[in-house]
Amino acid sequence: LIYFMTVVILVELTNVENAYEGDDLSTQLRRKYFNSLARSLSSVYQACTGGLLWEEASSSLEAVMPWVGGLWIAFVSITFFAISNVVTGIFVDQAMKSAHDDMQNVEVEEFDKREGAAKSLKHMINQSMGVHQHTIDRQTLMKVVKDRAAMQCLQRADIDARDICQFFDIIAGDKACIHLKDLDGFVHACFRLKGFARNMDVAAVAFMQRRRR
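Residues numbered from 1 in each chain as written. Predicted model: local features only at pLDDT ≥ 70, side-chain atom pairs only at ≥ 80, totals over all residues. Heavy atoms only, no water.

A word on the overall build of the chain
Then, number 1: On a plain count of helices and strands, the chain comes out with ten helices and two strands.
Then, number 2: Ordered by position in the sequence, the α and β elements of the chain form the string α-α-α-α-α-β-α-α-α-β-α-α.
Then, number 3: Counting all 213 residues of the chain, 27% fall into the buried class.
Then, number 4: Here the contacts in the chain between residues at least 6 apart in sequence split such that 60% fall between residues at least 24 apart.
Then, number 5: Per element, the accessible surface of the chain, about 14500 Å² overall, is 58% carbon and sulfur. (Helix = DSSP H or I, 4+ residues; strand = E, 2+ residues; numbered from the N terminus. Buried < 20%, exposed > 50% of the residue type's maximum accessible area, 1.4 Å probe, protein only. Contact = heavy atoms within 4.5 Å. Areas by Shrake-Rupley, 256 points an atom, 1.4 Å probe, with all protein chains shown as cover.)

Below, the structure is given as structure tokens:
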């Protein structure tokens, strides 16, 4: 676009007689800014990037090209908005990529923290059980969640002990206990109580309900 604008100006100046002759200010500016292809390209580039006032360049040509004012307005408008949009798009794209990377890093850190807390809670529950005990009742669970180490573990994961107890009551049902083989699934489910239910969680519950029927 800059090259096209430069060629148009130079072609018109070449077709005008005595375009570079005279001592008036407009002629001096034409000789300064549009005396060759390289200098004209530089002048047009500076006019659209702020290095040169495009009004000055345009006024120097209006004496021999009366219509050039409209051409300058169209040229500057197109280049200004095009450059602004490109630069803005680059910055926005980089900002979105950085935000996405940061979110992924936070999710990885949250996952690692949750997994570590789940292993710690599972270990505490196993230690609180008897040698020949194969089920976990509410009394055992309450004993564990009231322990200071367990409370700190749950607090780091932003999990309320009361939510775990309520969740236990829901899944234990009339038996009021869960089997030891379900401990791993129970503990990991406890650490997913934080936040809203995801589509995966809802689908998993629906699938398990259909399987039990």
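Some thoughts on the packing of helix α5 (residues 68–128) against helix α6 (residues 138–145)
Then, number 1: Running from N to C, α5 and α6 cross one another at 125°; their axes reach a closest spacing of 10 Å. Looking at the two axes, α5 sits oblique to α6. Regarding α5 and α6, the two cross each other, and that crossing is right-handed. When α5 is examined against α6, the residues Leu121, Met124, Ile125 and Ser128 are found in contact with a partner set consisting of Thr140, Leu141 and Val144.
Then, number 2: Class assignment of the residues belonging to the contact of α5 with α6 gives a composition of five nonpolar, two polar and no charged. (Axes fitted to C-alpha atoms, helices over the stretch in contact; angles between N-to-C directions. Parallel < 35°, antiparallel > 145°, perpendicular 65-115°, else oblique. Left-handed = near helix turned anticlockwise from the far one by under 90°. Nonpolar A, V, L, I, M, F, W, Y, C, P; charged D, E, K, R; others polar.)

What about the nonpolar core?
Taken as a class, soluble globular proteins show a tendency for nonpolar side chains to be buried jointly.
Then, number 1: Leu121, Ile125, Ile164, Phe186, Val187 and Phe191 are the most contacted members of the largest nonpolar core, which has 26 residues in total.
Then, number 2: Among the elements of the structure, α5, α6, α7 (148–156), α8 (161–172) and α9 (183–190) are those that each provide at least two residues to this core.
Then, number 3: Apart from the residues lying within four places of it in its own chain, the contact partners of Leu121 are Val144, Ala150, Leu154, Ile164, Val187 and Phe191.
Then, number 4: Met5, Ala19, Tyr33 and Leu52 belong to the second largest nonpolar core, which has 19 residues in total. (Core = buried A, V, L, I, M, F, W, Y, C linked by side-chain atoms within 4.5 Å.)

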